[in-house]
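In case you want the letters, here they are:
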Amino acid sequence: MSFHPGSTGRHPLLDRVLASDGSLPFALLRRHGGTEVEVLTGDVVDADLLRDIPLDGAPVLAVVPYRQARERGFTVRDDGAPLRCLVVRETERVPLSDALAVLPPEPVAAEPLGFDTPDDEYAGIVRRVIDDEIGQGAGANFVVMRSFEARTDAAPVPTLTSWFRALLTHEVGSYWTFAVHVPGPGSAVSLAGATPERHLTLHDGVARMNPISGTYRHPASGPTREGVLDFLRDTKENEELFMVVDEEMKMMSALCPDGGRIVGPYLKQMARLSHTEYLLEGRTTVDPRDALRLTMFAPTVTGSPMENACTVIARHETRPRGYYSGFLALFEPADGVAGEAGPAGYSLDAPILIRTAYLHDGGRVSVPAGATLVRHSVPEHEVAETRAKAAGVLASLGLVPRGAAPDAVVDLNAQEGVAEALAVRNAQLAEFWVRPQDAAPVAAPEPSPLTGQDVLVIDHEDQFTTMLAHQLNHLGMNARVVRWDAVDDVLTDDLVVLGPGPGDPRDQDDPRIAAITRRIHERVTAGRPLLAVCLSHQVLAGLAGFPLCPLAAPRQGVRLAADVFGTTAAVGYYNTFGARLTTVDAADADNPVARLALEPSADDDGVLTALRGPGVASVQGHLESVLSSDGIGVLEAQARHALGVIVR
C-alpha cells in the first residue's frame, strides 16, 4: 500500500482515501460532539426515488438533491442532480488529532470570482418577493439562494480533504462537518461543509427535527452580550423562528401519530454567526426513507407553506439549486449490526446541506447561501446575511480573508440575561405543543358531542391541516386529511373542515378558490356542518357579503389577542387578506350562504376574526399554530358550534 507524505500507517482506510486518484468513493464525517472522524468507503448506487435507497443490511450515506421535491409533486427547476448513495462496505474511526495530523494542512489554491447574483440584483429579488409574493398572500416566508463562485486547478481528493481539515479547524458549533466524494455515472458529486442544522433523526422510534432560524452576525471584533440580547429581542428574528417551527410541526404531525413536542429554545453559537433553534420530537414507526419524503424540505431553507415556497423559488432564483437545501442521509442498521430487520431496523441521521462548498467538473467551486425573507425584511440586510452565511465556509477555505481572531471568544450562552431572553420566547407558545403529545387528551372528561365524529379536513396546499387534524383527533374526533384536488365527496362526513392555503381569496380563476366556493355551497345547501379556516374563512365571508381586501400590513406569523365572540383569545395569524366588518345587504335568495345571516366577530381594526351561523363556523386565525396559546379551546368551541345539531 502506498502512503501519502506524513501518514503514520495507523489508519489504513484514511490513508487509502488520501492517496486516492479520485476513483475511490469516500466520506469523512465528524458528527456533533464527536471526538473522531468517521471514514466510509463502499459502492456507489444512484436511486430515482427516496424509496429506492437500498437498505439491505449495510449502512448507506445518501446525498439528496433539492430536485427530489418533485416526489411530493412540488415545482422545481430540474437540473438532473442524482440522488447518489454510498453503500458502505468499509469503515474506520480515527481520533480527531490523528486526522488533523495527516489531512492536508492548508486549503488548496482557488481563485475567488464573487457571487453569481450581484448584491443589487439580489436586493431587487428580495423586494419583489416581499411585495409580489408575501404581499399578495403567497406565503409567510421564503428563502432565496445565491452562490459564491470560485475555481481551482487542484484535484478532487486534495481539494476536499484540505477543505475538510480547514472546516474542522476554523468552524465551531457544527452539527456535522464532512467531505464527501462519490464518483458515478456522469459527474462526481463532491462537497465539503460544516452544517449547523439537523434536518431529521430517527432512533429507537423517536423522530427529532431541529429548526434553526434567526441570525446574529458577529462583528469583526467578536460577539458581545449586548449584541446577542438585541438579536434575541428583535421582532423579525423572533417571528422568523416561530414560522419555521410551525412549518416543521406540520411535518411532525404527519410523521408522528401522537404529534410532536417543542423543546427549547436554544442559542447555537458558531464562528461568525449565532442562531436560535428549537428541538422537535415525537414517536414514529415510519420507514426512514418515507420519513425523509414526508419532510422534504426544511422551511429554514425553502419557506412556508412548503408547496408554494417551491413555486416561489422556481420563479425567483437564477439557477437550479443542485444539492443546496437537500440533505445528507446516513442510514445505519440498529446497533450497527447488519441483519434482517429491514428498513424499520435502521436509524437515520440527516443534516441539511447548507454552509457547504461544492467542487464541480472543470474546477468550478460554488458556495450557495440563502436568506429567509419575511414581511419585515430589509433587502440590504438580507444581502448582508447571505454574505455572512457564506463567509464562514469561504474564510475556512481561504477564498476570503479570515480576519484576525478575537482575543477572547465570548460564550454567549453564559452571558447574563441570555437564558432569560430565550425563555421569554416560550411565553408565546401554545402549551398544547410544548407538553408531551402522549399526555391525556385536553377534552373534558364528561361525554362530548365531538367524540367519534368523522371529520374531513381539506388541504388547500398548506399542511397546517396536519396539525388541525391532530388537534381534532386529540379532542376525540376521527379526522383525516385529503388534498383539495383529491376530494370526491364532501357530504358524508359529520364535519368538513376547509383548511388554509396561499393565495387571494377573491381570485375565482384559482382552482383552489373555486373548489372552496363550491364546497361551501354544497355543505350549506345540504345543511351539513362546516368549519372554515383562514383562506377558506375569507372565501366564506366573501360569499356572506363581507368585502375582502388586502390588509394594511401582512399578518404573517403574528400572534394577536383577538376577540372571538366575546372571548379574548391569543391566536397566531398567517394572512395577507382579510374580510371587513360592514353592514351586509339583504340576503340574496339564490345565495345559500347569504341566507344564513352569519354572525360576525371582528378585531379593533374591523377585520373579521370569526363567523358563525346554523351549522357553520369559521376563524381567520390558525388555531393549530404553535403561536395559538388559546387555539385548542377556540377550536373545540367552534367545532361544537358547527356540530351542535349532531350529537350521537
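Everything numeric here is computed off the predicted structure, so don't read it as measured data.

## Overview of unusual backbone geometry
Right, so step 1: A cis amide bond links Gly 264 with the next residue in sequence, Pro 265, at an omega value of 5°.
Right, so step 2: Following the sequence through the fold, Pro 265 ends up in strand 12 (residues 261-269).
Right, so step 3: With an omega of -15°, the peptide bond between Met 296 and Phe 297 qualifies as cis.
Right, so step 4: Of note in this structure, Arg 355 is not a glycine but carries a positive phi near 50°.

## Some thoughts on the layout of surface pockets
Right, so step 1: Considering only enclosed or pocket space, the second largest pocket measures out at about 490 Å³ in volume.
Right, so step 2: Taken together, 28 residues make up the lining of the second largest pocket; nearest its centre are Asp 79, Gly 322, Tyr 323, His 360 and Arg 364.
Right, so step 3: Of all the secondary structure elements, the ones that give two or more residues to the lining of the second largest pocket are strand 6 (141-151), strand 8 (189-195), strand 17 (356-359) and strand 18 (364-373).
Right, so step 4: Classifying every residue of the lining of the second largest pocket by side-chain character gives 13 nonpolar, eight polar and seven charged.

## Concerning helix 10 (residues 418-425)
Right, so step 1: For helix 10, the full list of buried residues reads Val 418, Ala 421, Leu 422 and Arg 425. With its buried residues spanning 100° around the axis, helix 10 presents them on a single face. Residues of helix 10 that are exposed and angled more than 90 degrees away from the buried face: Glu 420 and Val 424.
Right, so step 2: The secondary structure elements touched by the buried residues of helix 10 are helix 5 (225-233), helix 6 (235-255), strand 12 and strand 13 (273-283).

## Description of the nonpolar core
Right, so step 1: Judged by nonpolar contacts, the single largest core of 86 residues is most densely connected at Ile 53, Leu 200, Met 249, Ile 262, Leu 292, Phe 331 and Val 497.
Right, so step 2: It is helix 6 that provides the largest number of residues to this core, a total of nine residues.
Right, so step 3: If we skip the residues at most four places from it in the chain, Leu 292 touches Leu 50, His 199, Leu 200, Phe 327, Ala 329, Phe 331, Leu 348 and Ala 350.
Right, so step 4: Residues Leu 14, Leu 28, Leu 96 and Leu 359 belong to the second largest nonpolar core, which totals 37 residues.

## Some details on the packing of aromatic side chains
Right, so step 1: According to the stated counting rule, one finds seven aromatic pairs in the structure shown.
Right, so step 2: Measuring from centroid to centroid gives 5.7 Å for Tyr 66 and Phe 297, while their planes differ by 35°, and the two rings are tilted. A residue pair is termed long-range when its members are at least 10 positions apart, and Tyr 66 in the loop between strand 3 (60-64) and strand 4 (83-95) and Phe 297 in the loop between helix 7 (288-294) and strand 14 (303-304) qualify at 231 residues. For the pair formed by Tyr 66 and Phe 297, the shared burial category is buried.
Right, so step 3: Relative to Phe 148, the ring of Phe 115 lies with its centre 5.4 Å away and its plane at 90°, an arrangement referred to as edge-to-face. In this pair, Phe 115 is assigned in strand 5 (residues 111-115) and Phe 148 in strand 6, connecting sequence segments 33 residues apart. Summarising the burial analysis for this pair, Phe 115 and Phe 148 share the class buried.
Right, so step 4: A cation sits over an aromatic face here: Arg 612 above Phe 565, 3.9 Å from the ring centre.

## A short note on the sheet that holds strand 25 (residues 599-602)
Right, so step 1: Taking strand neighbours across the sheet as the criterion, the seven strands line up as 20-19-21-22-27-26-25 in an open arrangement whose pairing is mixed. Each having just a single partner strand, strand 20 (478-483) and strand 25 make up the two edges of the open sheet. Within the sheet, the average angular offset between the axes of one strand and its neighbour, ignoring direction, is 15°.
Right, so step 2: In this sheet, strand 20 lies alongside strand 19 (residues 454-459) in parallel orientation, the contact comprising six bridges. Note that in strand 20 the partner of Ile 458 across the bridge is Val 482.

## Digging into the packing of helix 6 against helix 12 (residues 464-474)
Right, so step 1: Here helix 6 crosses helix 12 at 55°, and the two axes come no closer than 7 Å. Looking at the two axes, helix 6 sits oblique to helix 12. Handedness of the helix 6/helix 12 crossing: left-handed. Contacts between helix 6 and helix 12 involve Asp 246, Met 249, Lys 250, Ser 253 and Ala 254 on the former and, on the latter, Phe 464, Thr 466, Met 467 and His 470.

## Description of the environment of Val 424
Right, so step 1: By secondary structure assignment, the location of Val 424 is in helix 10.
Right, so step 2: Of the residues examined, Val 424 reaches a relative accessible area of 57% and is grouped as exposed.
Right, so step 3: Distance from Val 424 to Arg 233, taken between C-alpha atoms, is 9.5 Å for residues 191 residues apart in sequence.

## Details of the pairing of strand 17
Right, so step 1: Residues of strand 17 alternate between two faces, with Thr 356 and Tyr 358 on one and Ala 357 and Leu 359 on the opposite face, all of them buried.
Right, so step 2: Taken together, the three bridges between strand 8 and strand 17 define a ladder with antiparallel strand orientation. Following the sheet pairing, Ala 192 is matched in strand 17 by Ala 357.
Right, so step 3: Relative to strand 18, strand 17 runs antiparallel, the two being bridged by two bridges.

## Some points on the side chain of Thr 201
Right, so step 1: Tracing the chain through its elements places Thr 201 in strand 9 (residues 198-203).
Right, so step 2: Under the relative-accessibility criterion, Thr 201 is labelled buried at 9%.
Right, so step 3: At a separation of 3.1 Å, a polar atom in the side chain of Thr 201 contacts the side chain of Arg 198.

## Looking at the confidence of the model for the protein chain
Right, so step 1: Overall, the predicted model of the protein chain reaches an average pLDDT of 91, with 93% of residues at or above 70.
Right, so step 2: Across residues 336-341, where pLDDT falls below 50, the model places three contacts with residues more than four positions away in sequence or in other chains.

## Structural notes on the environment of Arg 283
Right, so step 1: Tracing the backbone through its elements, the reader meets Arg 283 in strand 13.
Right, so step 2: With 22 residues separating them in the primary sequence, Arg 283 and Arg 261 have C-alpha atoms 9.9 Å apart.
Right, so step 3: Those residues in contact with Arg 283 that sit more than four places away from it in its chain are Asp 204, Gly 205, Val 206, Cys 256 and Pro 257.
Right, so step 4: In terms of polar contacts, Arg 283 uses its side chain to reach the backbone carbonyl oxygen of Asp 204, at 3.1 Å.

## Quick look at the state of the cysteines
Right, so step 1: Under the defined criterion, the tally for this structure stands at zero disulfides.
Right, so step 2: Cys 549 takes part in no disulfide bond, and the closest cysteine sulfur, belonging to Cys 534, lies 14 Å away.
Right, so step 3: Classification of Cys 549 by relative accessible area gives partly exposed; the value is 25%.

Cut-off values and rules
Residues numbered from 1 in each chain as written. Predicted model: local features only at pLDDT ≥ 70, side-chain atom pairs only at ≥ 80, totals over all residues. Heavy atoms only, no water. Helix = DSSP H or I, 4+ residues; strand = E, 2+ residues; numbered from the N terminus. 1 Å grid on protein atoms, 1.4 Å probe; cavity = no way out; pocket = protein on both sides within 12 Å on 5 of 7 lines; lining within 4 Å. Points joined across faces, edges and corners; volume = space filled by probe spheres on them. Nonpolar A, V, L, I, M, F, W, Y, C, P; charged D, E, K, R; others polar. Buried < 20%, exposed > 50% of the residue type's maximum accessible area, 1.4 Å probe, protein only. Arc of directions from axis to C-beta. Contact = heavy atoms within 4.5 Å. Core = buried A, V, L, I, M, F, W, Y, C linked by side-chain atoms within 4.5 Å. Phe/Tyr/Trp six-rings, centres within 6.5 Å; stacked < 30°, edge-to-face > 60°. Lys NZ or Arg CZ within 6 Å of the ring centre and 35° of its normal. Pairing = 2+ DSSP bridges. Axes fitted to C-alpha atoms, helices over the stretch in contact; angles between N-to-C directions. Parallel < 35°, antiparallel > 145°, perpendicular 65-115°, else oblique. Left-handed = near helix turned anticlockwise from the far one by under 90°. Polar contact = N/O pair within 3.5 Å; in protein donor to acceptor, adjacent residues only side chain to side chain. pLDDT = per-residue confidence, 0-100. Disulfide = S-S within 2.5 Å.

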